Amino acid sequence: MSSTPRPFRFGVQANGTGNRREWVELAQRVEANGYSALTMPDHFDEQLAPVPALQCAADATTTLRLGALVYDNDYKHPVVLAKELATMDVLSDGRVEIGLGAGWMVSDYEQSGIPYDPPGVRVSRFIEGLAVIKGALADEPFSFAGEHYTITDYDGRPKPVQSPPPVLIGGGGPRVLGFAAREADIVGINATMTSGAIDASTFDSMTADAVDGKVELVRRVATEAGRLDDIEMNLRAFMVFVTDDVDQALGTLSEFTGAPEEVIADSPFALVGPTDRIIDLLQERRERWGFSYVIVGQN
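Residues numbered from 1 in each chain as written. Predicted model: local features only at pLDDT ≥ 70, side-chain atom pairs only at ≥ 80, totals over all residues. Heavy atoms only, no water.

Peer 1: Whenever I open this one, the packing of aromatic side chains confuses me. Can you help?
Peer 2: The geometry of two aromatic rings is summed up by the distance between their centres and the angle between their planes. Tallied over the full model, the rule gives eight aromatic pairs. Between Phe-8 and Phe-10, the ring centres sit 5.7 Å apart and the planes meet at 15 degrees, which makes this aromatic pair stacked. Centre to centre, the rings of Phe-126 and Phe-179 are 5.6 Å apart; their planes meet at 80 degrees, and the pair counts as edge-to-face. One end of the pair, Phe-126, is in helix H5 (residues 119-137); the other, Phe-179, is in helix H6 (residues 174-183), and 53 residues separate them in sequence. Classification of Phe-126 as buried rests on a relative accessible area of 1%. One aromatic cluster is present, formed by Phe-44, Tyr-75, Tyr-109 and Tyr-116 through successive ring pairs. Over the ring of Tyr-293 we find Arg-9, and its NZ or CZ is 3.7 Å from the ring centre. Of note, Arg-122 hangs over the ring of Tyr-116, and the distance from its end group to the ring centre comes to 4.2 Å. (Phe/Tyr/Trp six-rings, centres within 6.5 Å; stacked < 30°, edge-to-face > 60°. Helix = DSSP H or I, 4+ residues; strand = E, 2+ residues; numbered from the N terminus. Buried < 20%, exposed > 50% of the residue type's maximum accessible area, 1.4 Å probe, protein only. Lys NZ or Arg CZ within 6 Å of the ring centre and 35° of its normal.)

Here's what the structure looks like:
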């Protein structure tokens, strides 16, 4: 985002299934391979619950940063989540990243019975939720009176080691991206998930042209807020093929997504090719969009 490119750092997104030994070995392998962070989704499927699983990963490592990509604000009251995050930050000696979102996967809501409110309501609640989390992690007691949450003279304890832990907000739509540009330390550019599921329309919001528009919005709002240089730009690369046969890999992805091969090749959500080509792509995309924090999936 700034005139001087940020150094790259990389993360691994993992669901965390299986037993403790497998999860610990994964965390240690991620750290040993030089990754900066281990992240998890927050869903109600077969994955491990992110808070205890990430604390387990923290206990098994020494430098690895831990976070959710992202915690769904609707699944826990923000005071509860803030206390858990602060505790994790204390027990990990300050390695927590706070990823927070408004929630999108409709099946989670249907299966759990949590009301799946319209996007505007969920986003408004998430915006208040982040304010509550920041207040709970601050040094002094705070109160908050909003439409969705009311907090009275609450002094969150324990206090985190980091003052405060960095906040990651990922967004695909203009309202969340604008909010992230004003409030987040790390801004993740996402697909637009208004349908509540990954479907044929998802990739339309993952093209290079679509990302141009999203990043431009973040840059404009961040510039107006005087914090452009403070933001780390993040991307979750969903399609990663390390291969010498680029054409075959792009063909496979085209068949899977329904998008033309040339569109996939230009999308920052895809990293396809041999190592040298992927290095070039990462550098080009950092220059074009500012993406210096790239998260890939677990192999």
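Peer 1: How should I be thinking about the environment of Ala-58 in this particular structure?
Peer 2: Mapped onto the elements of the fold, Ala-58 is located in helix H2 (residues 50-59). Distance from Ala-58 to Gly-18, taken between C-alpha atoms, is 17 Å for residues 40 residues apart in sequence. Excluding anything up to four places from it in sequence, Ala-58 contacts Leu-66, Ser-92 and Arg-95. (Contact = heavy atoms within 4.5 Å.)

Peer 1: I'm lost on the packing of helix H1 (residues 20-32) against H2 in this one. Help?
Peer 2: Relative placement of two packed helices is described by the angle separating their axes and the distance separating the axes. Close contact between H1 and H2 brings their axes to 9 Å; oriented N to C, the two are set at 60 degrees. Taken together, the axis directions place H1 and H2 in an arrangement best described as oblique. When the axes of H1 and H2 are compared, the crossing they make is right-handed. Residue-level inspection shows Arg-20, Trp-23, Val-24 and Ala-27 of H1 in contact with H2, the latter providing Ala-53, Cys-56 and Ala-57. The class makeup of the residues in the contact of H1 with H2 is six nonpolar, no polar and one charged. (Axes fitted to C-alpha atoms, helices over the stretch in contact; angles between N-to-C directions. Parallel < 35°, antiparallel > 145°, perpendicular 65-115°, else oblique. Left-handed = near helix turned anticlockwise from the far one by under 90°. Nonpolar A, V, L, I, M, F, W, Y, C, P; charged D, E, K, R; others polar.)

Peer 1: Is there a simple way to think about the pairing of strand S1 (residues 9-13) in this case?
Peer 2: Along S1, four of the five residues are buried, which leaves the element largely enclosed by surrounding structure. Where S1 lies against strand S13 (residues 291-297), five bridges are found, and the strand directions are parallel. Looking at the pairing, Gly-11 lines up with Ile-295 of S13. Direction of pairing for S1 relative to strand S2 (residues 37-40): parallel, over a ladder of three bridges. The residue bridging Gln-13 from the neighbouring strand is Thr-39, located in S2. Read from S1 through H1 to S2, the crossover connection turns out right-handed. (Pairing = 2+ DSSP bridges. Right-handed = clockwise from strand over helix to strand, strands pointing away.)

Peer 1: Help me understand H2, please; the structure alone is not making it clear to me.
Peer 2: Owing to its 3.6 residues per turn, the α-helix aligns residues three or four sequence positions apart on the same side. Burial within H2 is extensive, with eight of its 10 residues counted as buried. Along H2, the residues that are buried comprise Pro-50, Val-51, Ala-53, Leu-54, Gln-55, Cys-56, Ala-57 and Ala-58. Here the buried face of H2 lies against H1, S2, strand S3 (65-68), strand S4 (71-72) and helix H3 (78-91).

Peer 1: For this particular structure, what's the right way to read a negative patch on the surface?
Peer 2: On the surface, Asp-209, Asp-244, Asp-245, Asp-247, Glu-261, Glu-262 and Asp-266 cluster together to form a negatively charged patch. The element contributing the most residues to the negative patch is helix H9 (residues 261-266), with three residues. Mapped onto the elements, Asp-209 comes out in helix H7 (residues 208-224). (Patch = residues over 30% accessible without salt bridge, like charges linked within 9 Å, V, L, I, M, F, W, Y side chains within 5 Å. Areas by Shrake-Rupley, 256 points an atom, 1.4 Å probe, with all protein chains shown as cover. Salt bridge = Lys/Arg side-chain N within 4 Å of Asp/Glu carboxyl O. Lys, Arg positive; Asp, Glu negative; His and termini not counted. Charge placed at Lys NZ, Arg CZ, Asp CG, Glu CD.)

Peer 1: Help me understand the nonpolar core, please; the structure alone is not making it clear to me.
Peer 2: Side chains of nonpolar character tend, in soluble globular proteins, to be buried together. Core analysis: the biggest nonpolar cluster contains 83 residues, and Trp-23, Leu-38, Tyr-71, Ile-169, Val-187 and Ile-189 have the highest contact counts within it. In contact with Val-187, not counting residues within four places along its chain, are Ile-169, Leu-177, Ala-180, Ala-181, Val-218, Ile-231, Glu-232, Met-233 and Asn-234. By size, the runner-up hydrophobic cluster in this structure holds six residues, among which are Leu-69, Ile-186, Tyr-293 and Ile-295. (Core = buried A, V, L, I, M, F, W, Y, C linked by side-chain atoms within 4.5 Å.)

Peer 1: Teacher, can you tell me more about unusual backbone geometry here?
Peer 2: The peptide bond linking Leu-69 to Val-70 adopts the cis configuration, its omega dihedral lying at -5 degrees. By the secondary structure assignment, Val-70 is in the loop between S3 and S4. Across the junction of Arg-157 and Pro-158, the peptide omega takes the value 0 degrees, indicating a cis bond. Assignment of secondary structure puts Pro-158 in the loop between strand S7 (150-154) and strand S8 (167-171). The residue Asp-93 is not glycine, and still its phi comes out positive at about 60 degrees. Within the fold, Asp-93 resides in the loop between H3 and strand S5 (96-101).

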